[in-house]
Amino acid sequence: TGSGKTVTFADIANDTLYNGFKVMVLCNREELISQATHKLNSCGLYPTIIDPKYNGKVSNLYVASVDTLVNRTFPDIDLLIIDECHIRSFDKVALDCIANGIVVLGFSATPIRNGKASLEGYPNYTGQLWDVYQEMVIITTTT
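Residues numbered from 1 in each chain as written. Predicted model: local features only at pLDDT ≥ 70, side-chain atom pairs only at ≥ 80, totals over all residues. Heavy atoms only, no water.

What follows deals with the packing of helix α1 (residues 5-18) against helix α2 (residues 30-42). Packed helices, taken two at a time, are described by the angle their axes make and the gap between the axes. At a closest axis distance of 10 Å, the pairing of α1 and α2 adopts a crossing angle of 55°. Taken as axis vectors, α1 and α2 run oblique relative to one another. As for the relative orientation of α1 and α2, their crossing is right-handed in sense. Counting all contacts with α1, which are made through Thr6, Val7, Phe9, Ala10 and Ala13, the residues of α2 involved are Gln35, Ala36, Lys39 and Leu40. Here the contact of α1 with α2 is built from residues that sort into six nonpolar, two polar and one charged. (Axes fitted to C-alpha atoms, helices over the stretch in contact; angles between N-to-C directions. Helix = DSSP H or I, 4+ residues; strand = E, 2+ residues; numbered from the N terminus. Parallel < 35°, antiparallel > 145°, perpendicular 65-115°, else oblique. Left-handed = near helix turned anticlockwise from the far one by under 90°. Contact = heavy atoms within 4.5 Å. Nonpolar A, V, L, I, M, F, W, Y, C, P; charged D, E, K, R; others polar.)

Put into structure tokens, the structure is as follows:
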């Protein structure tokens, strides 16, 4: 928390867009959608928000809620950035993206999960982060 995850993924989104690829930032609640949108805007990036008022506008940068996204046609993207990726509700979207050749980056200050889970269509899924993400990068702490 407070280590600059949003700044980091905004910078990655900026570089990815600059290189001609399409990006989506996926969040799990309105506060994080606002935070991500504000940070992207401050970087000169103006995402299309996929919310209940979304009309299918094609963009190169989206911000969406995982709950809203499941009821929509998934946009054409090259990179999916997940904020608070430790939350299991993102896993199906992430695994489906990976299966379709989309690069997925997860950001979290809580990179550990308790318990087990299952996920339809993914028989080897145990509910742990290593089921979705191949590598973990740990930055220096803020203390």
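What follows continues from the structure just given.
What follows is about the sheet that holds strand β4 (residues 79-83). Spatially, the five strands line up as an open sheet ordered β2-β3-β1-β4-β5, and their pairing is parallel. Both edges of this open sheet fall to β2 (48-50) and β5 (103-107), since each of them pairs with a single strand only. Sheet twist, expressed as the mean angle between neighbouring strand axes with direction ignored, is 20°. Across four bridges, the pairing between strand β1 (residues 23-27) and β4 is parallel. Its bridge partner being in β4, Leu26 is matched across the sheet by Ile82. (Pairing = 2+ DSSP bridges.)

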